[in-house]
Amino acid sequence: MAIFGAAKSILSPHLVDWYTDIYTNVYGYDNLYKQVLSQFNTYLKEMVNSLQFTAFTNTILTIGVVLMLFYFFTDLTEKAAMNQLSTLQLGKSFCAALGTIFIMFHSKNIFIFLMNMVESLNDSLTIGARGHMIVSNILTNDITQLLLSRCVAEHFSVWAILGYTLTALLLMLVSLAVRMYILYFATTRVLQMFIYYMFAPIGLADIFENGPGGTINTRSSGFKYLKTIIALMMQIMVITVICQVYPNITIAVNAGYFADVGDDELQKQQEEKKSNSKKDSTDKNKTEGSDDMEEDEVEKLESTAAFYPLKKFEYTDHQASIREIIVNGVNDIKESLSKLHDMLSGDEDDEKDSNEDTSQTDESAIKDDEIYPLIFDAKDDKKDNAVISNVGTIVNHDKEKEIIENSDYRMTIQSTERFFDWCTGSDGSKEMLLLILLVAKVLLISTSAQMCNSLLGTSI
């Protein structure tokens, strides 16, 4: 028993964090990337505007201008020696020199403009992904985390905690690896962009032909330096688009899949909506003689399926008795043994076994007046007890304070299990799909970066 208690105390605090991280990383808004961009933008802008950094860049600028003039006159001398110093070649060299000087003296403004453009793009995509922001805002809210943690720590048996931990472990490791990759990619690209900006006057100095020829040599070190800056900028923009549009991809891939894996309640609602939609459409066709069917609510349910378990969050101040907790633990053992028997005997579809109630969500002792909605809904009769708005902000500060001070408040077991099951599927089969989607996110970023390099002929 001491071992079980120790395991429960170790695993339960991390379980909610793991599932929250998995859910937000797959369906929510990528706060990590936005934070990286925001922090780097703020810090780098302050840095480039400081007196010490300005003195350093002025020194680099002076060295760059001297080198550029050296390469410019060297280029003219070589052309004159080869009797190729025509008016056309002289004009090309002067245009290249003027363009290089412009970039050198305005490199600071160009860098700030590029970073502001990326930040603006990120904000624009954020506005388009407000629905996914709701997922992150609700789940990362302190009250949501507190209620979920209390439910797991006090009302989940050690077997349930261990089972959910093992189920989430692989997803958590892959999710963490994906986040680390995005953090590494975004950080390195922004830092590379900053370093290339600092030494741009020196890097762009040798942008001339350095010899006879008909056109400006785009393979010169100066042009390679310029193309590298453009490639870095393109990569930063690509990862911005992928990170913010990715939740739309996961929702699209999972459309319709939620009805089979996650929660039977949504499936019943979808079937009911489809049935009502067909009936209404038939009546309309009879009366109006039209073959056009009105858009039903099923598509809306499927497109917002990622929000379903969050909108169904309910909390209570009912405390389960010792007997309830023991019975739940026994049910978990029965369920595990039953699944093991089905797997070994091949009798997975046995009707008798499937009808056995071994779930942990039986909270029959809770009365209806002891269950309150967490998310505010104007149509709900218990809306006065709601704490969080449908965009993730606190709307009932008095209730928030009461929940924090009274440790009896917790999320209902059914709400907590629904949320956990929604991450991996009620039978765990959804886990493989989410792993594939997470790996696909990394491949999208990596492939897009290589494509940017190929387009500009660089290797970063």
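Procedures and definitions
Residues numbered from 1 in each chain as written. Predicted model: local features only at pLDDT ≥ 70, side-chain atom pairs only at ≥ 80, totals over all residues. Heavy atoms only, no water. Helix = DSSP H or I, 4+ residues; strand = E, 2+ residues; numbered from the N terminus. Buried < 20%, exposed > 50% of the residue type's maximum accessible area, 1.4 Å probe, protein only. Contact = heavy atoms within 4.5 Å. Areas by Shrake-Rupley, 256 points an atom, 1.4 Å probe, with all protein chains shown as cover. Pairing = 2+ DSSP bridges. Core = buried A, V, L, I, M, F, W, Y, C linked by side-chain atoms within 4.5 Å. Expected span 1.5 Å × (residues − 1). Axes fitted to C-alpha atoms, helices over the stretch in contact; angles between N-to-C directions. Parallel < 35°, antiparallel > 145°, perpendicular 65-115°, else oblique.

This next bit is on the overall build of the protein chain. Looking only at helices and strands, the protein chain has 18 helices and 3 strands in total. For the protein chain, buried positions account for 43% of its 460 residues. Here the contacts in the protein chain between residues at least 6 apart in sequence split such that 83% fall between residues at least 24 apart. Accessible area for the protein chain stands at about 23800 Å²; split by element, carbon and sulfur atoms hold 59% of it.

Moving on: the sheet that holds strand E2 (residues 371–373). Taken in spatial order, the 3 strands make up an open sheet running E2-E1-E3, and their pairing is antiparallel. Both outer strands of the open sheet, E2 and strand E3 (410–411), are each paired with one neighbouring strand and no more. By the bridge criterion, 2 bridges tie strand E1 (residues 314–316) to E3 in an arrangement that is antiparallel. Residue pairing in the sheet places Tyr315 in a bridge with Met411 of E3.

Another aspect to go through is the environment of Val391. In this structure, Val391 sits in the loop between E2 and helix H16 (397–405). Distance in space between the C-alpha atoms of Val391 and Asn137 is 6.8 Å, their sequence separation being 254 residues. Discounting residues that sit within four places of it in the chain, Val391 has contacts with Ile134 and Asn137.

Next up on the list: the nonpolar core. Counting residues in each nonpolar core, the largest one holds 77 residues, and the members touching the most others are Phe111, Tyr315, Leu374, Phe419 and Phe420. Examining the composition of this core, we find that 15 residues originate from one element, helix H8 (residues 158–198), more than from any other. If sequence neighbours within four positions are ignored, Leu374 has contacts with Ile143, Thr144, Leu147, Phe313, Glu314, Tyr315, Ala386, Val387, Ile388 and Met411.

On to helix H3 (residues 51–81), then. Across its 31 residues, H3 extends 45 Å between first and last C-alpha, which sits within 8% of the 45 Å expected from 1.5 Å per residue. Taken residue by residue, H3 has Phe53, Thr57, Ile60, Leu61, Gly64, Met68, Phe72, Asp75, Leu76 and Lys79 as its buried positions. Taken from the residues just after H3, Asn83 is the one with a positive phi, measuring 60 degrees.

So, on to the packing of H3 against H8. The geometry of H3 relative to H8 is characterised by a closest axis approach of 10 Å and an angle of 60 degrees between their N-to-C directions. Between H3 and H8, the interaxial angle falls into the category oblique. Seen from H3, the contacting residues are Phe53, Phe56, Thr57 and Ile60; seen from H8, they are Phe194, Tyr197 and Met198.

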